[in-house]
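Okay, here's what each chain looks like letter by letter:
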Amino acid sequence: MDDNIDDNPEWVTRSKTIKQLMKKLQTFENQDLKVQISVDGGESFKCISLVGKHNKGGVQYCVLENFE
């Protein structure tokens, strides 16, 4: 996976808002599915341990966190 943002297409790096994420999740027929996250293109998956609010450089973010 390439960490250089300039080498990635815009859809990879544009991010989603909470509202956009919730709208997408509501399209899943089975609302009881477990949510996991992958940061390597689907090679591995991790559970979401916490949903947190973080402040970095004066900008607030909603962060999905894994503590494994």
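Model, not experiment: these values are computed from the prediction.

### A few points about the environment of Gly 57
Its place among the elements puts Gly 57 in the loop between strand E3 (50–56) and strand E4 (59–65). Distance from Gly 57 to Lys 16, taken between C-alpha atoms, is 19 Å for residues 41 residues apart in sequence.

### Concerning the pairing of E3
Where E3 meets E4, 7 bridges bridge the pair, whose relative direction is antiparallel. Bridging across to E4, Gly 52 finds its partner in Val 63. Where E3 hands over to E4, the hairpin turn is made up of 2 residues, of which Gly 57 adopts a positive phi near 60 degrees.

### Structural notes on the pattern of salt bridges
Where side chains of opposite charge bring their charged atoms close, a pairing between them can arise. Tallied over the full model, the rule gives 1 salt bridge. When the shortest N-O distance is used, the salt bridge between Arg 14 and Glu 10 registers 2.9 Å. Relative accessible area serves as the criterion here: at 48%, Arg 14 is assigned to the partly exposed category.

### Some words on the side chain of Glu 65
Position of Glu 65 among the secondary structure elements: in strand E4. Lacking a salt bridge, the buried Glu 65 has Lys 53 as its closest oppositely charged neighbour, with an N-O distance of 12 Å. Here the side chain of Glu 65 touches His 54 through a polar contact of 3.3 Å, side chain to side chain. When neighbours within four sequence positions are excluded, Glu 65 is seen to be in contact with Cys 47, Ile 48, Ser 49, Leu 50, Val 51, Gly 52 and His 54.

What counts and what doesn't
Residues numbered from 1 in each chain as written. Predicted model: local features only at pLDDT ≥ 70, side-chain atom pairs only at ≥ 80, totals over all residues. Heavy atoms only, no water. Helix = DSSP H or I, 4+ residues; strand = E, 2+ residues; numbered from the N terminus. Pairing = 2+ DSSP bridges. Salt bridge = Lys/Arg side-chain N within 4 Å of Asp/Glu carboxyl O. Buried < 20%, exposed > 50% of the residue type's maximum accessible area, 1.4 Å probe, protein only. Lys, Arg positive; Asp, Glu negative; His and termini not counted. Polar contact = N/O pair within 3.5 Å; in protein donor to acceptor, adjacent residues only side chain to side chain. Contact = heavy atoms within 4.5 Å.

Honestly, it's all geometry; don't read function into it.
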